[in-house]
2 protein chains.
Amino acid sequence: MTRERVYLYDTTLRDGAQTTGVDFSLEDKRAIAGLLDRIGVDYVEGGYPGANPLDTAFFSEKRTTGARFAAFGMTKRPGRSVSNDPGVAALLEAKADAICFVTKSWDYHVRVALETTLEENLAGIRDSVRAARESGREVIVDCEHFFDGYKANPDYALSCARTAYESGARWVVLCDTNGGTLPHEVSAIVAEVAKTVPGERLGIHAHDDCGCAVANSLAAVEAGARHIQGTLNGLGERCGNANLVTLIGTLKLKDGYASRFDLGVSDDALSQLTHVSRQVDEILNRQPNRHAPFVGASAFATKAGIHASAVLKDPRTYEHVEPESVGNARKVLVSDQGGQSNILAELKRLGFTFEKGDGRVARILDEVKRKEAEGFAFEGADASFYVLVKRMLGEVPAFFQVERFSVNVERRFNALGEMVTASEAIVKVRVGDEVLISAAEGNGPVNALDVALRKDLGKYQDLIQDLELTDYKVRIYQGGSDAVTRVLIEFSDSAGDSWTTIGVSANIIDASFQALTDSITYKLLKSGAGL
Amino acid sequence: MTRERVYLYDTTLRDGAQTTGVDFSLEDKRAIAGLLDRIGVDYVEGGYPGANPLDTAFFSEKRTTGARFAAFGMTKRPGRSVSNDPGVAALLEAKADAICFVTKSWDYHVRVALETTLEENLAGIRDSVRAARESGREVIVDCEHFFDGYKANPDYALSCARTAYESGARWVVLCDTNGGTLPHEVSAIVAEVAKTVPGERLGIHAHDDCGCAVANSLAAVEAGARHIQGTLNGLGERCGNANLVTLIGTLKLKDGYASRFDLGVSDDALSQLTHVSRQVDEILNRQPNRHAPFVGASAFATKAGIHASAVLKDPRTYEHVEPESVGNARKVLVSDQGGQSNILAELKRLGFTFEKGDGRVARILDEVKRKEAEGFAFEGADASFYVLVKRMLGEVPAFFQVERFSVNVERRFNALGEMVTASEAIVKVRVGDEVLISAAEGNGPVNALDVALRKDLGKYQDLIQDLELTDYKVRIYQGGSDAVTRVLIEFSDSAGDSWTTIGVSANIIDASFQALTDSITYKLLKSGAGL
């Protein structure tokens, strides 16, 4: 059976820029454009040249190798000629293969927001599309608020779509701009429009204000559309755009679609999906959504004891797709809900071998539950779990003992009359028979403590010389009536390994201290020290 | 037109307990059951009595007033009689109005996971449902993996559903347990099943592994089902269950549904939706999803200058529903993408009046952009934005000047040979002509600094006596190449007001100090001090 081609149009760098708290730097845009090329989307909408200096600069050259590079902007303003419209001029100047014009398609908007006539709006579409075609660009027309426009005045909305199509647009995209359209409505309306603009020229641009952006995109494709606009990780204003990561996973892997449609995304690119999704969050310093379909840290994670045994027996019993196909992994979570199957699987993953029924496993489980009641969470802190198990097995040598530390932060006027803040730490540590005292400054109290702690560890100093603190996360956790601070610290070493430890205390310095010492202990164990 | 009743079945306290990082205490469950009663759901599934001591204890009494209280468990195990099955016994003992049995409906699971015959499984359904009916309970039967089971062996899956129905179940719920079913498949399969089990007895239980849980629930209702299972905020294992908050908003407010279906949720209860959603996150100490449909902090937030002017002119042009109907609010975000319309709206909201074109507005906008480049984000920190504006208008009196502070955290052996951590702070502050030095201990460095700072503020002490630090959030923010710490602090006073301030620095104590002093300044301004 011949599959039909469905085209992916990514607007992370334009519509995604509207996300609360997101601001792309030029470097961010370059990096994300590269990731999109790697996935194999068909179009990358790089931004809105002329709207701000950064976007204009981004279009000073084509930024993609595989994907078509698209520039976004408005159709010509009423009362001007297309050659006199600065917005259109900016689009024509941009080093873009494609131009995407957004146009009003709801009569109410034309009259109230644009303050012009319905005819003038159509002329604007016509002239803009023609100008862009004459410059040799592929043209996409985003019909803004199309579904609300169609419900209010179907003839007018349709005339906007038809005008775009007849003027030479490659794609006429129906936009659910306020995200309020429901899947059954999208199905019906797209099917109607497809009688005027053929499906192979129709696209869908959905928003998630009713939690249906992905479903609306699928419904549009079912009704004949062959172009989907969305963003990585569902970025976008308000509730976000349709999540292209979810759509790629669904269209590539689900029987109901994979046999009918060709996304132009290779299986190899698909296996990069999780990595690309996480890189985007890294670049934007956003907390990844661990519950994201396909790529979330928890997307294939099992907690409950009963499920865990079944999953390990035969993953197909519980998993709808193979995690590896999207570059993700199955997880059996260490948690106080887990039974012994869970713990055994986790221990095995970390390299411990226990027979089922080994009494130590039950004791480890109890200790985990005890610590979790205090606020510890080992799910994201493998190295702390590893150290805990080693301790319970009596396999941690007495590497070092911190007898005392003192951390000070002082803000005062310096000799020049400027207000400065200084952070210092003193650490007194016993290593074997030696007692070592080290002092250090830092850019903050935790940094100062970390530097002092790792300044002189006696005979073990060589082994920890190459450690680098690469991430530091703080969360205030409400265990019971008291809030405690949960600190997660990630370290890397010169071998390229990295690991995360956790510390919990009402005192953030204390919590950091626990995580730091766990990390050092982990490294020493890893190095085989003390054996 | 008579509307048909659609019933809401909440499983936050049972399926939601599978969420990574979530562990309900008894008090958590009580509180959430109360919130669910407030919203007006029809059923609250309180947990799995017999599976763990906490759930068994939770069912020692009925925990809801309006909603039916449901207990979850498995149908009787093969090879036992129903009266000899401890799982069923625990369900019958529970103080529940309704019992929800989960049963296998995929022949593969019956053979491989349960290791029994297809007939024995049906007998298990029959006997369990009858036993529960005889005890006077309403019975719900969750057909696990129904859609995969139907695709593999439609006759068997249907026989499970039919057996449940014929044995007296009030509801037969078709579960998409691994979340891999697509909306068009749900539509088709539910429509088929409705020929055997009438729609008024059919329910849907969807998971979000393809981002379609809400859409699948709606598709099932379109196909005749009248019972929806889900969780608040889409809690649940892996990618979560169907989000009941989104479904309530959609079914109550969208034309396509509000006219056809009656949820049994009053408009007044609907206006509590945002509050309930946030309370659940509070209780579980989870970061709220600001992009959540209807209730997210950003659900009605506009960033871009062009949209902002249009939205403020006529909200219907851009909003698909009224934010107030769900207890949410429109936001025009202060951001470096915003133009002057944004800032003017924000200033107006905080009580400042400026004429359009007032030069000070442009200067305020510049200062906001400058600080945002440093890592500040005023979106969640109104009080800091207020103080910033007041400063730029020269309207902040010289209340107090901190000339020096010193914060110390020390961990050492005490006289009893125990390791203890002590935190102390000294603050030297000038208030008018007085110089005051205060010292304080705390459970951590920030607490110590806060107590010392507010211990003696001279003539202003009375005005800050009633302040209470109610929330403290830390985020490591990657501004450029350097990471900085962003601290958000919330204070409340005896008048019941609360406000949030922000501080940014590489040094967490410094960042906290900025937020603390901003907060005190805000309170003094609010009190009219110094005028």
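Residues numbered from 1 in each chain as written. Chains lettered and ligands numbered in written order. Predicted model: local features only at pLDDT ≥ 70, side-chain atom pairs only at ≥ 80, totals over all residues. Heavy atoms only, no water.

A. Region of the structure containing the overall build of chain A. Broken down by element type, chain A carries 20 helices and 18 strands. Principal-axis analysis of the C-alpha atoms gives chain A an extent of 90 × 70 × 45 Å. Burial status across chain A gives 59% buried among its 531 residues. Relative to all contacts within chain A whose residues are 6 or more apart in sequence, the contacts with residues 24 or more apart total 66%. The distance from the centre of the 60 positive side-chain charges to the centre of the 74 negative ones in chain A is 2 Å. (Helix = DSSP H or I, 4+ residues; strand = E, 2+ residues; numbered from the N terminus. Buried < 20%, exposed > 50% of the residue type's maximum accessible area, 1.4 Å probe, protein only. Contact = heavy atoms within 4.5 Å. Lys, Arg positive; Asp, Glu negative; His and termini not counted. Charge placed at Lys NZ, Arg CZ, Asp CG, Glu CD.)

B. Spatial organisation of the pairing of strand β2 (residues 7-10) of chain B. Residues and elements named next belong to chain B. Burial of the side chains of β2 extends over both faces: Tyr-7 and Tyr-9 are buried on one face and Leu-8 and Asp-10 on the other. Pairing of β2 with strand β9 (residues 227-230), which is carried by four bridges, proceeds in the parallel orientation. In the sheet register, Leu-8 faces β9, and the bridge partner there is Ile-228. In terms of strand pairing, β2 meets strand β3 (residues 43-47) through two bridges, oriented parallel. If you follow Asp-10 over to β3, its bridge partner there is Val-44. In this fold, the crossover linking β2 to β3 by way of helix α1 (residues 26-39) has right-handed handedness. (Pairing = 2+ DSSP bridges. Right-handed = clockwise from strand over helix to strand, strands pointing away.)

C. Layout of the relation of the copies chain A and chain B. With an RMSD of 0.4 Å, the fit of chain A onto chain B corresponds to turning through 180 degrees and sliding 0.2 Å along the axis. On this basis, the relationship between the two copies can be described by a two-fold rotation axis. In terms of proximity to the rotation axis, the leading residue of chain A is Asn-408 of chain A, whose C-alpha is 1.9 Å off the axis. (Least-squares fit on C-alpha atoms with pLDDT ≥ 70 in both.)

D. Geometry of the sheet that holds strand β14 (residues 419-431) of chain B. Overall, antiparallel pairing links the six strands, which are arranged β15(A)-β14(A)-β13(A)-β13(B)-β14(B)-β15(B) in an open sheet. Since the sheet does not close on itself, it has two edges, and those belong to β15 (434-442) of chain A together with β15 (434-442) of chain B, each with one partner. Within the sheet, the average angular offset between the axes of one strand and its neighbour, ignoring direction, is 10 degrees. Across 12 bridges, strand β13 (residues 401-413) of chain A lies against strand β14 (residues 419-431) of chain A in antiparallel orientation. When the sheet's bridge partners are listed, Val-407 of chain A is paired in β14 of chain A with Ala-425 of chain A. Where helix α20 (residues 508-526) of chain A meets the sheet, it contacts β13 of chain A together with β13 (401-413) and β14 of chain B, and its direction lies at approximately 135 degrees from that of β13 of chain A. (Axes fitted to C-alpha atoms, helices over the stretch in contact; angles between N-to-C directions.)

E. Spatial organisation of the packing of helix α5 (residues 118-134) of chain B against helix α7 (residues 154-166) of chain B. Residues and elements named next belong to chain B. At a minimum axis distance of 9 Å, the contact between α5 and α7 shows a crossing angle of 20 degrees. One element, α5, and the other, α7, form an angle in the roughly parallel class. Helix-helix and strand crossings are classified by hand; for α5 and α7 the assignment is right-handed. Residues Leu-118, Asn-121, Leu-122, Ile-125, Arg-126 and Val-129 of α5 form the contact with α7, whose own contacting residues are Tyr-156, Ser-159, Cys-160, Thr-163 and Ala-164. Across the contact of α5 with α7, the residue classes break down as seven nonpolar, three polar and one charged. (Parallel < 35°, antiparallel > 145°, perpendicular 65-115°, else oblique. Left-handed = near helix turned anticlockwise from the far one by under 90°. Nonpolar A, V, L, I, M, F, W, Y, C, P; charged D, E, K, R; others polar.)

F. Focus on the domain arrangement of chain A. On domain assignment, one finds that chain A holds domain 1 (7-265), domain 2 (301-388) and domain 3 (400-527). Taking only C-alpha atoms, the centre of domain 1 of chain A and the centre of domain 2 of chain A are 44 Å apart. (Domains from an automatic or database assignment.)

G. A look at helix α10 (residues 244-253) of chain B. Residues and elements named next belong to chain B. By the criterion of burial, α10 is predominantly enclosed, with eight of the 10 residues buried. Looking only at α10, the buried set comprises Leu-244, Val-245, Thr-246, Leu-247, Ile-248, Gly-249, Thr-250 and Leu-251. Near the N-terminus of α10, the side chain that reaches the backbone nitrogen of Val-245, with its oxygen 2.9 Å away, is that of Asn-243. (Polar contact = N/O pair within 3.5 Å; in protein donor to acceptor, adjacent residues only side chain to side chain.)

H. Region of interest: the packing of aromatic side chains. Enumeration according to the criterion identifies 36 aromatic pairs over all chains in this entry. With a centroid separation of 5.9 Å and an interplanar angle of 90 degrees, the aromatic rings of Phe-146 of chain A and Phe-147 of chain A are classed as edge-to-face. For the pair Phe-146 of chain A and Phe-147 of chain A, one class covers both residues: buried. Measuring from centroid to centroid gives 6.2 Å for Phe-58 of chain B and Phe-59 of chain B, while their planes differ by 80 degrees, and the two rings are edge-to-face. No difference in accessibility class separates Phe-58 of chain B from Phe-59 of chain B, as the two residues are buried. An aromatic cluster of three or more residues is present, and its members are Phe-352, Phe-354, Tyr-386, Trp-499 and Tyr-522 of chain A. (Phe/Tyr/Trp six-rings, centres within 6.5 Å; stacked < 30°, edge-to-face > 60°.)

I. Molecular detail of the nonpolar core. Counting 180 residues, the largest nonpolar core has Phe-146, Val-172, Val-193 and Ile-228 of chain A together with Phe-146, Val-172 and Ile-228 of chain B as its most contacted members. Contacts of Val-172 of chain B, omitting those with residues within four sequence positions, involve Val-141, Cys-143, Ala-161, Ala-164, Tyr-165, Val-197, Arg-201, Leu-202 and Gly-203 of chain B. By size, the runner-up hydrophobic cluster in this structure holds 126 residues, among which are Tyr-386 and Leu-449 of chain A together with Leu-436 and Leu-516 of chain B. (Core = buried A, V, L, I, M, F, W, Y, C linked by side-chain atoms within 4.5 Å.)

J. How the structure looks around the environment of Leu-463 of chain B. All names here are of chain B. Of note, Leu-463 is situated in helix α19 (residues 461-464). Separated by 448 residues in sequence, Leu-463 and Asp-15 place their C-alpha atoms 48 Å apart. Once you skip the residues sitting within four places of it in the chain, Leu-463 turns out to touch Lys-523, Leu-524, Ser-527 and Ala-529.

K. The arrangement of the pairing of β9 of chain B in detail. All names here are of chain B. Covered by surrounding structure in β9 are His-227 and Gln-229 together with Ile-228 and Gly-230, the residues of both alternating faces. Taken together, the three bridges between strand β8 (residues 202-205) and β9 define a ladder with parallel strand orientation. Considered in β9, the bridge of Ile-204 is made with Ile-228. On the question of chirality, the crossover connecting β8 to the parallel β9 by way of helix α9 (residues 213-222) is right-handed.

L. Representation of the pattern of salt bridges within the structure. In total, this model carries 64 salt bridges over all chains according to the counting rule given. For the salt bridge of Asp-55 of chain B with Lys-29 of chain B, the shortest nitrogen-to-oxygen distance reads 2.8 Å. Here the residue Asp-55 of chain B occupies a position in helix α2 (residues 53-58), and Lys-29 of chain B occupies one in helix α1, the gap between them amounting to 26 residues. Each member of the pair, Asp-55 of chain B as well as Lys-29 of chain B, is classed as buried. Among the ionic contacts, a cluster of salt bridges with common partners joins Asp-466, Asp-493, Asp-497, Lys-523 and Lys-526 of chain A. (Salt bridge = Lys/Arg side-chain N within 4 Å of Asp/Glu carboxyl O.)

M. Examining the interface of chain A and chain B more closely. Opposite the 96 residues of chain A that make contact, chain B presents 96 residues. Together, the buried faces of chain A and chain B total about 7,700 Å²; carbon and sulfur atoms form 51% of this surface. Counting every contact that joins chain A to chain B gives four salt bridges. Where chain A meets chain B, there are 24 residue pairs in polar contact (both at pLDDT 80 or more). Top contributing element to the side of chain A that touches chain B by residue count: β13 of chain A, with 13 residues. Broken down by class, the residue content of the side of chain A that touches chain B amounts to 38 nonpolar, 31 polar and 27 charged. Where β13 of chain A and β13 of chain B come together, seven bridges link them in antiparallel fashion. Residue Glu-410 of chain A lies in a different strand from β13 of chain B, and its bridge partner there is Ser-406 of chain B. (Buried area = accessible area lost by both parts, 1.4 Å probe.)

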